[in-house]
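Architecture and fold: a report
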Amino acid sequence: QNYLDNFWPDLKAAHELFDSIVQAQRERESESQENHGKEYPEHLPLEILEAGIKSGRYLQGTLNVNKHRAQLEAFVRLQGFGSKDTG
């Protein structure tokens, strides 16, 4: 803010951009506090997921994503199954 005020006081677009960035950062911090520090809200409570895994309704696994083709290539390795049983 000081830099813009001192060196670019007449550059309205830069001041508007800076204000927009500050507002977005405040909103993100506010959302983070509402979610108890979690970036994304949970889809299901932990208790329901654990009960679903124990009953066999849900499967637990590890998501592996190709870092070079992340939009196109990923697979899930299920826990408790052989390494060939992926989908």
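Residues numbered from 1 in each chain as written. Predicted model: local features only at pLDDT ≥ 70, side-chain atom pairs only at ≥ 80, totals over all residues. Heavy atoms only, no water.

**Quick notes on the overall build of the protein**
Each helix and strand counted, the protein has 3 helices and 2 strands in total. Element order for the protein, N to C, with α for helix and β for strand: α-α-α-β-β. By the burial criterion, 3% of the 87 residues in the protein qualify as buried. Here the analysis covers contacts within the protein between residues at least 6 apart in sequence; of these, 0% occur between residues at least 24 apart. Entry remark: accessible area of the protein is about 8,200 Å², with carbon and sulfur atoms responsible for 53%. (Helix = DSSP H or I, 4+ residues; strand = E, 2+ residues; numbered from the N terminus. Buried < 20%, exposed > 50% of the residue type's maximum accessible area, 1.4 Å probe, protein only. Contact = heavy atoms within 4.5 Å. Areas by Shrake-Rupley, 256 points an atom, 1.4 Å probe, with all protein chains shown as cover.)

**Let's talk about the pattern of salt bridges**
For the structure shown, the criterion picks out 2 salt bridges. Among the ionic pairs, Lys12 bridges to Glu16, the shortest N-O distance being 3.9 Å. Within this pair, Lys12 and its partner Glu16 are both found in helix H2 (residues 12–34), separated by 4 residues, close to a single helical turn. The exposed category is assigned to Lys12, whose relative accessible area is 60%. Of the charged contacts in the structure, one is a salt bridge between Glu73 and Arg69, with a shortest N-O distance of 3.5 Å. The class for Glu73 is partly exposed, based on a relative accessible area of 38%. For Arg69, a relative accessible area of 43% puts it in the partly exposed group. (Salt bridge = Lys/Arg side-chain N within 4 Å of Asp/Glu carboxyl O.)

**Here's the deal with the packing of aromatic side chains**
According to the stated counting rule, one finds 1 aromatic pair in the structure shown. For the pair Tyr3 and Phe7, a centre-to-centre distance of 5.2 Å together with 40 degrees between the ring planes defines the contact as tilted. Of the two residues, Tyr3 and Phe7 both sit in helix H1 (residues 2–7), 4 residues apart, roughly one turn of that helix. Here the two residues Tyr3 and Phe7 agree in accessibility, since each one is exposed. (Phe/Tyr/Trp six-rings, centres within 6.5 Å; stacked < 30°, edge-to-face > 60°.)

**Considering the environment of Ile53**
On the secondary structure map, Ile53 appears in helix H3 (residues 46–55). Accessibility expressed as a relative area gives 34% for Ile53, which makes it partly exposed. Sequence-distant contacts of Ile53, defined by excluding residues within four places in its chain, comprise Tyr58 and Gln60.

**Description of the confidence of the model for the protein**
Caution applies to low-pLDDT regions: their predicted coordinates should not be interpreted in detail. With 83% of its residues at a pLDDT of 70 or more, the protein has an overall mean of 85. When mean pLDDT is compared element by element in the protein, H1 scores highest at 94, while H2 scores lowest at 88. (pLDDT = per-residue confidence, 0-100.)

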